[in-house]
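Structure at a glance
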Amino acid sequence: MNLDRRKQAGNFAETAATRYLAAKGYQILVQNYKVHGGEIDIIAKDSDYIVFIEVKYRKQLDYGRPAEAITVKKQRTMIKAARTYLAKEGFYEANCRFDIIEVFGREHLDVNHIENAFWES
């Protein structure tokens, strides 16, 4: 898959994830938050939690579930970016968590939301 197609698929999945979260009552704070050395697809508020969300898309599950592609290295970069976001926004005492949203399918999309997928260690 070329880079343009990959980016389009990623945007497609993030749009589906954002709609899903909004329907569940989440407040979307930031999309595609980037800092030196890290990126977070979606930052949202769910009740008293700031939620840092990675979105992964697959057309099919032949090569495993989308969440399986999130490595420990990716988790570390998300944690680093989350720390930067929390500090910049002054959320020093905020409850936060790291979620994964899997999006898969072609015409009909399935969304699987994994809350507390990993945590800062």
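See above for the structure.
Calculation criteria
Residues numbered from 1 in each chain as written. Predicted model: local features only at pLDDT ≥ 70, side-chain atom pairs only at ≥ 80, totals over all residues. Heavy atoms only, no water. Helix = DSSP H or I, 4+ residues; strand = E, 2+ residues; numbered from the N terminus. Rg over C-alpha atoms; globule rule 2.2 N^0.38 Å. Buried < 20%, exposed > 50% of the residue type's maximum accessible area, 1.4 Å probe, protein only. Contact = heavy atoms within 4.5 Å. Areas by Shrake-Rupley, 256 points an atom, 1.4 Å probe, with all protein chains shown as cover. Lys, Arg positive; Asp, Glu negative; His and termini not counted. Charge placed at Lys NZ, Arg CZ, Asp CG, Glu CD. Salt bridge = Lys/Arg side-chain N within 4 Å of Asp/Glu carboxyl O.

Of the regular secondary structure elements, the chain holds two helices and five strands. For 121 residues, the compact-globule estimate of 2.2 N^0.38 gives 14 Å, and the chain sits close to it at 14 Å. Seen along its three principal axes, the alpha-carbon backbone of the chain occupies a region of about 40 × 30 × 25 Å. Within the chain, buried positions represent 37% of all 121 residues. In the chain, of all internal contacts separated by at least 6 residues, the share reaching a separation of at least 24 is 55%. When the accessible area of the chain is evaluated, it comes to approximately 7600 Å², of which 47% is carbon and sulfur surface. Charge-centre separation for the chain: the mean point of 19 positive side chains lies 6 Å from the mean point of 17 negative side chains.

Applying the stated criterion across every chain yields a total of seven salt bridges. A salt bridge links E54 to K74, with the nearest nitrogen and oxygen atoms 3.6 Å apart. Taken as a pair, E54 in strand β3 (residues 49-58) and K74 in helix α2 (residues 72-89) lie far apart in primary sequence, 20 residues in all. Ionic contacts of the salt-bridge type, sharing partners, join the residues K24, D46, R97, D99 and E115 into one network.

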